[in-house]
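Notes for the structure review
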Amino acid sequence: VIELGQPEHSVVTTCAYCGVGCGFKAEMKGTTVVRMTPWKDGKANEGHSCVKGRFAWGYATHKDRITKPMIRAKITDPWREVSWDEAIGHAAAEFKRIQAKHGKDSVGGITSSRCTNEEVYLVQKLIRAAFGTNNVDTCARVCHSPTGYGMGQTFGTSAGTQTFKSVAQADVIVVIGANPSDAHPVFASRMKRRLRGSAEHPGARLVVIDPRRIDLVDAPHVRADHHLALKPGTNVAVITAMAHVVVTEGLVNEAYVAERCDSKSFNDWRAFVARPENSPEAFEATTGVPAAEIRAAARLYAQGPNSAIYYGLGVTEHAQGSTMVIGIANLAMACGMVGRDGVGVNPLRGQNNVQGSCDMGSFPHELPGYRHISDTTVRSQFEAAWGVTLDPEPGLRIPNMFDAALSGSFKGLYCQGEDIAQSDPNTQHVQAALEAMECIVVQDIFLNETAKYAHVLLPGSSFLEKDGTFTNAERRISRVRQVMPPLAGLADWQVTQKLSTALGYPMHYEHPEQIMAEIAALTPSFAGVSYAKIERLGSVQWPCNESTDEAGTAIMHRERFVRGKGRFFNTQYVPSDEKVTQRYPLLLTTGRCLSQYNVGAQTRRTPNNQWHDEDRLDIHPHDAEARGIADGDWVGISSRAGQTVQRARVTERMQPGVVWTTFHFPESGANVITTDSSDWATNCPEYKVTAVQVSKVMQP
Ligand code: SF4
């Protein structure tokens, strides 16, 4: 613990880690943060916090921070510190040179879910208006893009249907492919309070669908009624089998479906899931889950009376990620579990502003507010406001950018606050693509793995250095407030603005509040959002244009779905391409731990490192014994994509045949092993299913 003295004043802001979006008071002495104290009036956390938000903020002033812009001609050259004007001028000249030679679509950009809504909006505006291309994507591509697709198709918009506090009204809680205790700790505590219950209000029942025996399965005073420990890659079989039970056992909420859902798609779906090949018994060998368990879980969910589903990346990061999101939505609609307190479908967003980065038009096919770029009416609104002509064709997704780089048609990338060289799957493929580009501009607070391939490094600013807003997993828009000046002199939105101006498309914002005013004017779901309103109310939940409540919409789809009638889709189970073989007999799945965060760039530079200072491979005792592996031994992990070395943790939290690890440390490179297999609809990588071999090795 570093003693920094007594605070003199405080600034209320929002945590920059997970999608819970906890409010904090940054307690200050001058311009130095003394401590971060959870804000008792924060609606997402009500005074609670976890080890990340509470203790892992020191990275903001870590000695590794990049504070000077840098350029170099080749990635083998040393970096040369230059002025902001020279760095931005150089980047703009390079992008112009590339576009003049290879066409406007030879460049693109990646927005950051770590940055504010205003900054994300500006980056996608820069790509579309200044570059003149729709080659813009976001790191949500590799996490919740299937949520965007699946919820968009079924409900009409991509967002959690509930507010966090609504879990207190749930009678049955279903957690699928998520480990809230580690990844969303403050919401997990709220969920556990409901599961424990009280004398007056008995605890909710719990179903966990996850290959691992996660903390919630048997946390203190919490016990899952059913843990469906499925084999990785069989989510769709499980959700379809649950639907089979609902349909064949007369558990459909017929009145709800008749009033709220599209009848033709429902009837098609009902006939599909009722087929014998979709029964729990038929899927038993595939999923590894006893049919009786699936039947019991389905009955529990359907009979509620109030059942809520919370899911994470264990749903989306699959070749059938979008199908699974649709399967969850189908089940919820069939049982009438959307549109009131205590029910709903809720994606637990990993990053602080991944909801916002999606809302702000970061996808190559969508303008802010999830409106398709081919929609002439919508496009013309933006064209009028921005004074440009927009391309009606969707641009490249991140994996397409990599492929195009390797085939020679994609040459320049602006990457803000995203370490694609560490976080994206099949590292070797990503590295080869980055090496093939002529100009990579990285804007980040650290010299990250992607910066090794960059030609221009623009210093980024941490959440403590800028004003703006984040949107959490319950669509809550909260203020981020500057508590100290940007270490490099400019906040991220100012850098983007300068780059746009240098490219010949001037931007003249003086404060992020003006950017939010533009967002609100052009995005119906953000209509009515303003800094003044957030100041007054603490936070607001979008959509703000459909509610009589000034603070926005806590529960979505109350009377009708955003798309009108909820639409069903058949969810045909397709086995993953990743299959165990004699050579690769185990299935690897990946995730996160409590004290570290994603690629670890921030948390590794804080005291949180003491609790988890390496990536470890979790392996079941049977698999360990068969390989002569003891707890703490070094093991080699190899897949069809690559290999790495970690220490083993022997634990019965794993099921035999399945191993698990994190990707917080670049040196153990878990994504060297993962393949580039991806979701059929969105290209979200299949991080959760990789066939591997594990063997004991000498300490490297
Ligand atoms: Fe930050 Fe999430 Fe922890 Fe809250 S739960 S303090 S938002 S990391």
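What you see is a predicted model; the values in this text were computed from it and never measured.

Along the protein, the regular secondary structure elements total 23 helices and 26 strands. Relative to the globule expectation of 27 Å for 700 residues, the C-alpha radius of gyration of the protein, 24 Å, shows essentially globular dimensions. Counting only C-alpha atoms, the protein reaches 70 × 65 × 55 Å along its principal axes. Taken across its 700 residues, the protein has 60% of its residues classed as buried. Long-range contacts, defined as pairs at least 24 residues apart, comprise 73% of the intrachain contacts of the protein with a sequence gap of at least 6.

The subject of this paragraph is the pairing of strand 17 (residues 456-459). Side chains on a regular strand alternate between the two faces of the sheet. Side chains of strand 17 alternate between two faces, with Val456 and Leu458 and Leu457 and Pro459 buried alike. Here strand 4 (residues 70-71) runs beside strand 17; their pairing, made up of 2 bridges, is antiparallel. Residue pairing for strand 17: Ile71 is matched across the bridge by Val456.

It is worth spelling out the sheet that holds strand 8 (residues 172-176) at this point. Pairing is parallel in the open sheet, where 5 strands are placed in the order 10-9-8-11-12. Of all strands in the sheet, those bounded by a partner on one side alone are strand 10 (226-228) and strand 12 (344-347). Going across the sheet, the axis of each strand differs from the next one's by a mean of 15°, ignoring polarity. The pairing of strand 8 with strand 9 (residues 205-209) spans 5 bridges and is parallel. Looking at strand 9, one finds that Ile173 is bridged to Leu206.

If you look at the biggest cluster of nonpolar residues, it comprises 99 residues, and the most contacted ones within it are Ile173, Val238, Met242, Val246, Ile328 and Ala332. Ranked by residues supplied to this core, first place goes to helix 7 (residues 235-248) with 10 residues. Each of domain 1 (9-61) and domain 3 (145-347) contributes no fewer than three residues to this core. Setting aside residues no more than four positions away along its own chain, Ala332 makes contact with Ile309, Met337, Val338 and Val345. Counting 68 residues, the second largest nonpolar core, distinct from the first, contains Met70, Ile110, Ile127 and Ala405.

Cut-offs and rules
- Residues numbered from 1 in each chain as written.
- Predicted model: local features only at pLDDT ≥ 70, side-chain atom pairs only at ≥ 80, totals over all residues.
- Helix = DSSP H or I, 4+ residues; strand = E, 2+ residues; numbered from the N terminus.
- Rg over C-alpha atoms; globule rule 2.2 N^0.38 Å.
- Buried ≥ 20, exposed ≤ 12 C-beta atoms within 10 Å, placed from the backbone.
- Contact = placed C-beta atoms within 7 Å.
- Pairing = 2+ DSSP bridges.
- Axes fitted to C-alpha atoms, helices over the stretch in contact; angles between N-to-C directions.
- Core = buried A, V, L, I, M, F, W, Y, C linked by C-beta atoms within 7 Å.
- Domains from an automatic or database assignment.

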